[in-house]
Amino acid sequence: MTQEYQFQISVQTQYIEEQSEPENERYVFAYTIQITNTGSHGATLNARHWVITDANGEVTEVKGQGVVGEQPYIAPGKSYEYSSGAVLNTPIGTMQGSYQMETDSGTQFDTPIPVFSLAAPGALH
């Protein structure tokens, strides 16, 4: 992929204690993702593909159109931010994946989402 199509992904995560039920193996996490277009061409985020892995090695894949019901266009130098969530059976897990992007001219490419950790307080030593 050329420098024309370049996006930087940053992630912040949070454990949602009030929605979690550790006694029922239910751990709820929120995450906020910022997608910044550092390239020279704009693109529309058409779809997402997540690979979510819990501490037991259980893998869940999630694919869908856009993010949080939107298919945002991200112009050069601009950012798009959204928040969503995930529920795990363990207090620790990871998420990674990709966004399928499309340029104004119809070129499609994937922007990787680097792996990030989900961890309840005290779960990591």
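Scoring rules and cut-offs
Residues numbered from 1 in each chain as written. Predicted model: local features only at pLDDT ≥ 70, side-chain atom pairs only at ≥ 80, totals over all residues. Heavy atoms only, no water. Helix = DSSP H or I, 4+ residues; strand = E, 2+ residues; numbered from the N terminus. Contact = heavy atoms within 4.5 Å. Areas by Shrake-Rupley, 256 points an atom, 1.4 Å probe, with all protein chains shown as cover. Lys, Arg positive; Asp, Glu negative; His and termini not counted. Charge placed at Lys NZ, Arg CZ, Asp CG, Glu CD. Core = buried A, V, L, I, M, F, W, Y, C linked by side-chain atoms within 4.5 Å. Buried < 20%, exposed > 50% of the residue type's maximum accessible area, 1.4 Å probe, protein only. Polar contact = N/O pair within 3.5 Å; in protein donor to acceptor, adjacent residues only side chain to side chain. Phe/Tyr/Trp six-rings, centres within 6.5 Å; stacked < 30°, edge-to-face > 60°. Pairing = 2+ DSSP bridges. Axes fitted to C-alpha atoms, helices over the stretch in contact; angles between N-to-C directions.

Time to look at the overall build of the protein. A tally of helices and strands in the protein yields 0 helices and 8 strands. Sequence-ordered secondary structure for the protein, helices as α and strands as β, is β-β-β-β-β-β-β-β. Referenced to the eigenvectors of the C-alpha coordinate spread, the extents of the protein come out at roughly 50 × 25 × 20 Å. Residue pairs at least 24 apart in sequence account for 64% of intrachain contacts in the protein once pairs closer than 6 positions are excluded. Just so you have it, the protein exposes about 7100 Å², and 43% of that area is on carbon and sulfur atoms. On the protein, the mean spot of the 4 positive side-chain charges and the mean spot of the 14 negative ones are 6 Å from each other.

The biggest cluster of nonpolar side chains holds 28 residues, and the ones touching the most others in it are I35, W50, Y82 and Y99. Looking at this core, the elements with two or more residues in it are β1 (7-15), β2 (27-37), β3 (43-54), β6 (79-88), β7 (92-103) and β8 (108-119). Top contributing element to this core by residue count: β2, with 5 residues. With residues near it in sequence (within four places) discarded, Y82 still touches Y31, T32, I33, I35, W50, V67, V68 and Y99.

With that out of the way, let us pick up the side chain of S20. Tracing the sequence through the fold places S20 in the loop between β1 and β2. Within polar-contact distance, the side chain of S20 engages the backbone nitrogen of V28 at 2.8 Å. For S20, the residues in contact, after removing those within four places along its chain, are Y15, R26, Y27 and V28.

The next thing to look at is the packing of aromatic side chains. In this description, a pair of aromatic rings is defined by centroid distance and the angle of the planes. All chains considered together, the criterion is met by 8 aromatic pairs. Their ring planes at 90° and their centres at 5.9 Å tell us that W50 and F116 sit as a pair that is edge-to-face. With W50 in strand β3 and F116 in strand β8, this residue pair connects regions lying 66 residues apart in the sequence. Both residues of the pair, W50 and F116, count as buried. Through successive ring pairs, a cluster of aromatic residues spans Y31, W50, Y99 and F116.

Attention shifts here to the sheet that holds β1. Taken in spatial order, the 3 strands line up as β1-β2-β6 in an open sheet, and their pairing is antiparallel. This sheet does not close on itself; its edge strands, each paired only once, are β1 and β6. On average, each strand axis in the sheet is tilted by 20° relative to the strand beside it, whichever way the strands run.

In terms of strand pairing, β7 meets β8 through 10 bridges, oriented antiparallel. Within β8, the position partnered with M95 by the bridge is F116.

In the sheet, β3 pairs with β7 via 11 bridges, with the strands oriented antiparallel. Directly across from H49, in β7, lies its bridge partner S98. Hairpin connection between β7 and β8: a loop of 4 residues separates the two successive antiparallel strands, and G106 in this loop has a positive phi of roughly 95°.

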